[in-house]
Every structure is written in C-alpha cells, then in structure tokens.
Amino acid sequence: KAGVTQTPRYLIKTRGQQVTLSCSPISGHRSVSWYQQTPGQGLQFLFEYFSETQRNKGNFPGRFSGRQFSNSRSEMNVSTLELGDSALYLCASSYLGSGGSYEQYFGPGTRLTVT
Amino acid sequence: GENVEQHPSTLSVQEGDSAVIKCTYSDSASNYFPWYKQELGKRPQLIIDIRSNVGEKKDQRIAVTLNKTAKHFSLHITETQPEDSAVYFCAASSQGGSEKLVFGKGTKLTVNP
C-alpha cells in the first residue's frame, strides 16, 4: 500500500498570504489528523477529521482550518500567515476512527517558511 | 487537557548499551501510548505502542512498559546500534472517537560506535 502523501513538500510564503496544504491518507484510512512541528513547541495537534467531519481541534487560532473530502483526502488552510507559522506540517492517517485499530501513520510533511 | 512530560531531552550511550526514555501523562482517561522515531529530515515512524490493558510489550530489541497507577510509561532499547540514533517521541491519547495524540517534547538519542 502507498503511504501517506503530502503536497507540496516545501513552500515559501510571505506574511499576510494564505496557504493550502494537501494530504492523501493510506487507502482505506478514514481518519486524518494534522500536526504542527517546530523546534520550540515540538509536535502539536491541530485538528482531526473523520468522514468529512472535524471531530477534534487543538489550541490554534481560527486562521488554521481544514476540511476532508469524501475520498478521505484532507486539506488544511492557514490564512493571514505570520512568521511564527513557519513549521513542518504533518498529517497522519489511521484506519478506523472509533473502536479497532488506532495506529497513526505520518506523511513526510510540508515544510512551510514564512518570510 | 492531557499533558505529557518526557525525559531525558538528550541521551548518549555507547553501542551495545541499553537506553531508557521515560514519559508521564496527566489524564487518567488516556488509554493508548505510542512511541515514534524520527530521523533527521524524515517523518515520525511508529515503532511500538501499548494500550492501557497491557503492562508490557516487546518487539525484538525494543520494549515499552506502562504503569497506569503512576501514570508513566517507558521505552527500553537494548543492544543499541548507531542506526538507533534519532529523536524519539512518546504520546498519549484517550481514543474512542477522536484521534488526538498529545506528544512529549522528544528525546535525542545518540549511539556512539
């Protein structure tokens, strides 16, 4: 099976712009979670989607949003970019959302640099 | 909400020695505890996990132990090899409807040949 894929892998944006990142989960996986990784804060949970519904959200401002499509692919959007948004954005997919297997498998990430 | 503390932040061992990384969690409802290994420039890779109904789990040279009463869990790597050098993250979640992992800050393990 193909692993989790993310596009683009690298992105450079200017403060104030907006950005959309994409994640394709492992085939058959219905849950997609997004994380932000920075040297200072480590891995922080952004939000999780299951069957096109956001089930949980981390402590990030409303500038961070996401969605999931019927094929389980997910996108996250960051509006009005700030320098502090520079980070590696990781998505992870898992097979089942409730009961059963919960193992999360990560994609390679999108490295976002805001200048 | 859940808080996960991880120690030590850096660990240096000689090849062949054992390495132990410890984590504590705050939410007694947490029931799933995975460990991830992240090599430089790579994605986090799930290496082992444990659920709250189990006290210990082994997979070749790695093992994880869980003490629910004390709310701590540990990763043990025996017979370390240079390729074990990486950053290791512990995490906790209370699964059953929401796949939110709360991560520790990570431990940079260096195995010296």
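For the structure, see preceding data.
These numbers come from a predicted model, not from an experiment. (Residues numbered from 1 in each chain as written. Chains lettered and ligands numbered in written order. Predicted model: local features only at pLDDT ≥ 70, side-chain atom pairs only at ≥ 80, totals over all residues. Heavy atoms only, no water.)

(A) Structural context of the nonpolar core. Ranked by internal contacts, the top residues of the largest apolar core, which has 24 residues, are B:Trp35, B:Phe73 and B:Leu109. For this core, the secondary-structure elements that each account for two or more residues are β2 (10–14), β3 (19–25), β4 (32–38), β5 (45–51), β7 (62–67), β8 (72–77), β9 (86–92) and β11 (107–112) of chain B. Those residues within four positions of B:Phe73 in sequence are excluded, and the remaining contacts are B:Ile21, B:Lys22, B:Cys23, B:Tyr25, B:Phe33, B:Trp35, B:Thr65, B:Leu66, B:Cys90 and B:Ala91. Formed by 21 residues, the second largest nonpolar core is a distinct cluster that contains A:Leu11, A:Leu21, A:Leu46 and A:Tyr89. (Core = buried A, V, L, I, M, F, W, Y, C linked by side-chain atoms within 4.5 Å. Buried < 20%, exposed > 50% of the residue type's maximum accessible area, 1.4 Å probe, protein only. Helix = DSSP H or I, 4+ residues; strand = E, 2+ residues; numbered from the N terminus. Contact = heavy atoms within 4.5 Å.)

(B) Region of interest: the sheet that holds β7(B). Residues and elements named next belong to chain B. The strand order β1-β3-β8-β7-β6 describes an open sheet built from five strands, whose pairing is antiparallel. Two strands lie at the open edges of the sheet, namely β1 (4–7) and β6 (56–59), each paired on one side alone. Across this sheet, the average inter-strand angle for adjacent strands is 15°, counted without regard to direction. Relative to β7, β6 runs antiparallel, the two being bridged by four bridges. Note that in β7 the partner of Lys57 across the bridge is Val64. (Pairing = 2+ DSSP bridges. Axes fitted to C-alpha atoms, helices over the stretch in contact; angles between N-to-C directions.)

(C) Seen up close, the pattern of salt bridges. All names here are of chain A. Per the counting criterion, the structure on display carries eight salt bridges over all chains. The partner of Arg63 in a salt bridge is Glu82, with the nearest N and O atoms 3.6 Å apart. Of the two residues, Arg63 sits in the loop between β6 (53–57) and β7 (64–68) while Glu82 sits in the loop between β8 (74–78) and β9 (87–94), which places them 19 residues apart along the sequence. What makes Arg63 buried here is its relative accessible area of 16%. For Asp85, the salt bridge goes to Arg63, with nearest N and O atoms at 2.8 Å. Placement of Asp85 in the loop between β8 and β9 and of Arg63 in the loop between β6 and β7 is noted, with a sequence separation of 22 residues between them. Assessed through its relative accessible area of 4%, Asp85 is described here as buried. Here the salt bridges share partners, and the residues they tie into one network are Arg63, Glu82 and Asp85. (Salt bridge = Lys/Arg side-chain N within 4 Å of Asp/Glu carboxyl O.)

(D) Looking closely at the packing of aromatic side chains. All chains considered together, the criterion is met by 13 aromatic pairs over all chains. Geometrically, the ring pair formed by A:Phe47 and A:Tyr49 is edge-to-face, given 5.7 Å between the ring centres and 70° between the ring planes. (Phe/Tyr/Trp six-rings, centres within 6.5 Å; stacked < 30°, edge-to-face > 60°.)

(E) A look at the state of the cysteines. Residue and element names in this part refer to chain A. Enumeration according to the criterion identifies two disulfides over all chains in this entry. Paired by a disulfide, Cys23 and Cys91 hold their sulfur atoms 1.9 Å apart. Classification of the bridge connecting Cys23 and Cys91 rests on its S-S torsion, roughly 70°, and on that basis the disulfide is right-handed. Here Cys91 lies in strand β9 and Cys23 lies in strand β3 (residues 19–24), a separation of 68 residues in the sequence. Classification of Cys23 by relative accessible area gives buried; the value is 0%. (Disulfide = S-S within 2.5 Å.)

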